Amino acid sequence: MEKYIINGGKALHGEVEISGAKNAAVAIIPAALMVDGVCHIENIPQISDTDMLLTILKELGAKVRFLNKSTIEIDCTHVRYQDAPYDLMRKIRASYYLIGAMLGRFGSAKTTMPGGCNFGVRPIDQHIKGMTALGADVDVKNGFVYADARDGRLHGARIYLDKVSVGATMNIILAAALAQGRTIIENAAREPHIVDLANFLNSMGADVRGAGTDTVKVNGVDRLHGGSYAIIPDQIEAGTYMVAAAATGGEVLIKNVIPRHLECISAKLRETGTIVQEYEDSVLVKGASSLRKVNIKTLPYPGFPTDMQPPMGALMCLANGTSVITEGVYDNRFKYTNELRKMGAEIQVDGRVAVIEGGKRLTGAPVHACDLRAGAAMVIAGMCATGTTVVEDVHYIERGYENFVGKLKALGADIECVDEPDESGSSDKIVCVC
Ligand code: EPU
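Within each chain, residue numbers correspond to sequence positions counted from 1 in written order. Owing to the predicted nature of the model, reporting of local features is limited to residues with pLDDT of at least 70; listing and counting of side-chain atom pairs is limited to 80 or more, with chain, interface and lining totals taken over all residues. In computing side-chain properties, one takes all heavy atoms of the structure into account and sets aside hydrogens as well as water.

### Examining the confidence of the model for the protein
Averaged over the protein, the pLDDT score is 94; the fraction of residues at 70 or greater is 96%. In this model, residues 425-433 is a region of pLDDT below 50 whose contacts with residues beyond four sequence positions or in other chains number 22 contacts. For every residue, the predictor states its confidence as a pLDDT score lying anywhere from 0 to 100. Contact definition: two residues touch when any of their heavy atoms are within 4.5 Å.

### Notes on the packing of helix H5 (residues 125-133) against helix H6 (residues 166-177)
Each axis is a line fitted through C-alpha atoms, taken for helices only over the stretch in contact, and angles between the N-to-C directions span 0 to 180 degrees. Helix numbering and strand numbering both begin at the N terminus, where a helix is a DSSP run of H or I of at least 4 residues and a strand a DSSP run of E of at least 2. The interhelical angle for the contact between H5 and H6, taken along N-to-C directions, is 25 degrees, at an axis separation of 8 Å. With respect to their mutual orientation, H5 and H6 come out roughly parallel. Helix-helix and strand crossings are classified by hand; for H5 and H6 the assignment is right-handed. Contact residues: H5 offers Gln-126, His-127, Gly-130 and Met-131, while H6 offers Gly-167, Ala-168, Asn-171, Ile-172 and Ala-175. Polar here means any residue outside two lists: the nonpolar Ala, Val, Leu, Ile, Met, Phe, Trp, Tyr, Cys and Pro, and the charged Asp, Glu, Lys and Arg; Gly therefore counts as polar. Considering only residue class, the contact of H5 with H6 consists of four nonpolar, five polar and no charged. Relative orientations are named as follows: roughly parallel for angles under 35 degrees, roughly antiparallel for angles over 145 degrees, roughly perpendicular for angles from 65 to 115 degrees, and oblique for any other angle. By convention the crossing between two helices is left-handed if the near helix lies anticlockwise of the far one by an angle smaller than a right angle, and right-handed if it lies clockwise.

### Notes on the sheet that holds strand E4 (residues 63-68)
Spatially, the four strands line up as an open sheet ordered E4-E5-E3-E13, and their pairing is mixed. Pairing within the sheet leaves two strands with one partner each, and these edge strands are E4 and strand E13 (224-230). Across the sheet, the mean angle from the axis of one strand to that of its neighbour is 10 degrees, orientation sign disregarded. Pairing between strands requires that DSSP locate at least two bridges from one strand to the other.

### Some details on the nonpolar core
Counting 78 residues, the largest nonpolar core has Ile-74 and Leu-201 as the members making the most contacts within it. In terms of residue count, the dominant contributor to this core is H6 (eight residues). Residues grouped as a nonpolar core are buried Ala, Val, Leu, Ile, Met, Phe, Trp, Tyr and Cys residues, joined through side-chain atoms within 4.5 Å. Only protein chains enter the accessibility calculation, which uses a 1.4 Å probe. A residue is then buried if its area is under 20% of the maximum for its type, exposed if over 50%, and partly exposed in between. With 70 residues, the next largest nonpolar core counts Val-294, Met-312, Cys-317 and Ala-345 among its residues.

### Regarding the sheet that holds strand E11 (residues 207-209)
If you trace the four strands from one edge of the open sheet to the other, you get E9-E10-E12-E11, paired in mixed fashion. For this open sheet the edge positions go to strand E9 (158-160) and E11, each flanked by a neighbour on one side alone. Here the strands of the sheet are splayed against their neighbours by 15 degrees on average, with no regard to which way each runs. When E11 meets strand E12 (residues 215-219), the two strands line up antiparallel, connected through three bridges. If you follow Arg-209 over to E12, its bridge partner there is Lys-217.

### Some details on empty space enclosed by the protein
Grid points spaced at 1 Å over the protein atoms alone were grouped into cavities, where a 1.4 Å probe fits but cannot get out, and pockets, open sets with protein on both sides within 12 Å along at least five of seven lines, with lining residues defined by an atom within 4 Å of a point. Grid points are joined across faces, edges and corners, and a volume is the space filled by probe spheres set on the points. Tallied over the full model, the rule gives one cavity of 30 Å³ or more. Looking at the largest cavity, its volume works out to about 40 Å³. Per-class residue counts for the lining of the largest cavity are five nonpolar, two polar and one charged.

### Describing helix H1 (residues 22-31)
When you tally the buried positions in H1, you get 10 out of 10 residues, the bulk of the element. All of the buried residues along H1 are Lys-22, Asn-23, Ala-24, Ala-25, Val-26, Ala-27, Ile-28, Ile-29, Pro-30 and Ala-31.

### A closer look at the pairing of strand E20 (residues 353-357)
Alternating residues of E20 divide into Ala-354 and Ile-356, all buried, and Val-353, Val-355 and Glu-357, none buried. Alignment of strand E18 (residues 322-326) against E20, held across five bridges, turns out to be antiparallel. Across the sheet, Val-324 pairs through a bridge with Val-355, a residue of E20. Here five bridges tie strand E19 (residues 346-350) to E20, and the two strands are oriented antiparallel to one another. Paired with Glu-346 across the bridge in E20 is Glu-357.

### Some remarks on unusual backbone geometry
Cis geometry marks the peptide bond from Tyr-301 to Pro-302, where omega comes out at 10 degrees. Counting through the fold element by element, Pro-302 comes out in the loop between strand E17 (296-297) and helix H10 (309-318). At Asn-256, a residue that is not glycine, the phi angle is positive and equals roughly 60 degrees. Here Asn-256 lies in the loop between strand E14 (251-255) and helix H9 (263-271). The residue Asn-403 is not glycine, and still its phi comes out positive at about 45 degrees. Within the fold, Asn-403 resides in the loop between strand E22 (388-392) and helix H13 (404-410). Look at Asn-403 and you get partly exposed, because its relative accessible area is 47%.

### Some words on the side chain of Lys-268
Within the element layout of this structure, Lys-268 appears in helix H9. Of the polar contacts made by the side chain of Lys-268, one reaches the backbone oxygen of Asn-295; its length is 2.8 Å. Sequence-distant contacts of Lys-268, defined by excluding residues within four places in its chain, comprise Val-294, Asn-295, Ile-296, Phe-304 and Met-312. We call two N or O atoms a polar contact when they sit within 3.5 Å, provided that within protein one can donate a hydrogen and the other can accept it, with sequence-adjacent residues counted only if both atoms are side-chain atoms.

### Let's talk about the packing of aromatic side chains
When two rings of Phe, Tyr or Trp (its six-membered ring) have centres within 6.5 Å they constitute a pair, described as stacked for plane angles under 30 degrees, edge-to-face for angles over 60, and tilted for the intermediate range. Scanning the model with the defined rule gives seven aromatic pairs in all. An angle of 75 degrees between the planes, with centres 4.7 Å apart, marks the rings of Tyr-86 and Phe-144 as edge-to-face. Here Tyr-86 is found in helix H3 (residues 86-89), whereas its partner Phe-144 is found in strand E8 (residues 144-149), with 58 residues between them in sequence. The exposure class of Tyr-86 is partly exposed, given its relative accessible area of 22%. One aromatic cluster is present, built from ring pairs that chain together Tyr-86, Phe-144 and Tyr-146. Any Lys NZ or Arg CZ that is within 6 Å of a ring centre and within 35 degrees of that ring's normal is treated as a charge sitting over the ring. One cation-aromatic arrangement involves Lys-110 over Phe-144; the distance from NZ or CZ to the ring centre is 4.9 Å. Positioned above the aromatic ring of Tyr-146, the side-chain terminus of Lys-141 is 5.4 Å from the ring centre.

Here's what the structure looks like:
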């Protein structure tokens, strides 16, 4: 079992290059299944979530070839319908995109129900509502989702999402891309990765309009053809390094970013006294000698991203004064605060609100990464604490941050990844995050 050992007290300095966006890649890889031809995709992040999806595609019969560490070619021309490999699918939440992609391509899909154990109940009712409106019979039985287009192909429909959902918006776009006729998704999510999926599909011959607004229109086409595409940089990975630079009082140039996607994070960091300078495709973050408290409320884009909430929670422990976090997306995304308390943080949680009494000295401790972003928060806290912090369950972190330890070490962090045998003897954990 891998652990990170962190000796705190080193400010981060230097430059870091941001990888491709995880939450775009995990939809674009399944989207390749709908393409009749070769997809050349650049800026694929090297993380375990994308590895797992590529393995699923290969098991379905796709040809996958790495041209370099972040560029792949996927050819699904000769893939024929078959059930997706369940043991892999249940390990990754984004496997739900195979429902939309397989329904679009084959008119049928059988997948496992995605997990979602980490932030409270995470239903997929809006995905199912969308597929049903497009003319599929969807049945959830014994942990599986069975979906079949009633007359072999989906038909465009008008769908109003009862809840703003990234996953449902992307899944319906996927299914609708090869449906007959026009689909209109209202109350759609507007995250940058939704625009990226639409741009990918359009570059392969789809007709998706309005992505990035709350109304997305998809004119179904008969076929998608091969093409080339580069995935956008990861907003949350960039935000995590911004917070890490601010928390450690360092100075870091964060390269290969789209500063517009980072505005909400930059604005909050500036409120703490941190200096954030924006350039064309990079941001420079200079930590302040003392941080001011801030309040955040997480919301769908363009609001403050829920995925940045745990890293900001770690920063708030260091800021002077009382900060308040209101979690507006998930029922339960504060488990990591128990871990921060082990390091001396003073945090009260009541439902979706956390109150952090900042300005306390954090001390190194053995802690767990409860999920991907919680893990990033523990690493940030560890880098600011006095003494040694040991972060366990780092497999969560490696689902979403490419070469996290290597990039932090290059910035001067004292962090090592050590591999020790798991005392339970189990190496096949079922985890459902992201
Ligand atoms: N929801 C429903 N019904 C649905 C779908 C969602 O009630 O059918 C609820 C969820 O329970 C949640 C809210 O709507 O309370 C928003 O969920 P959403 O569907 O937007 O999230 P998701 O698609 O499951 C993706 C990312 C998450 C990120 C959220 C919000 C992937 C694979 N995951 O999840 O990423 O937090 O959008 O931006 O894209 C992460 O990267 O750390 C991560 C957790």
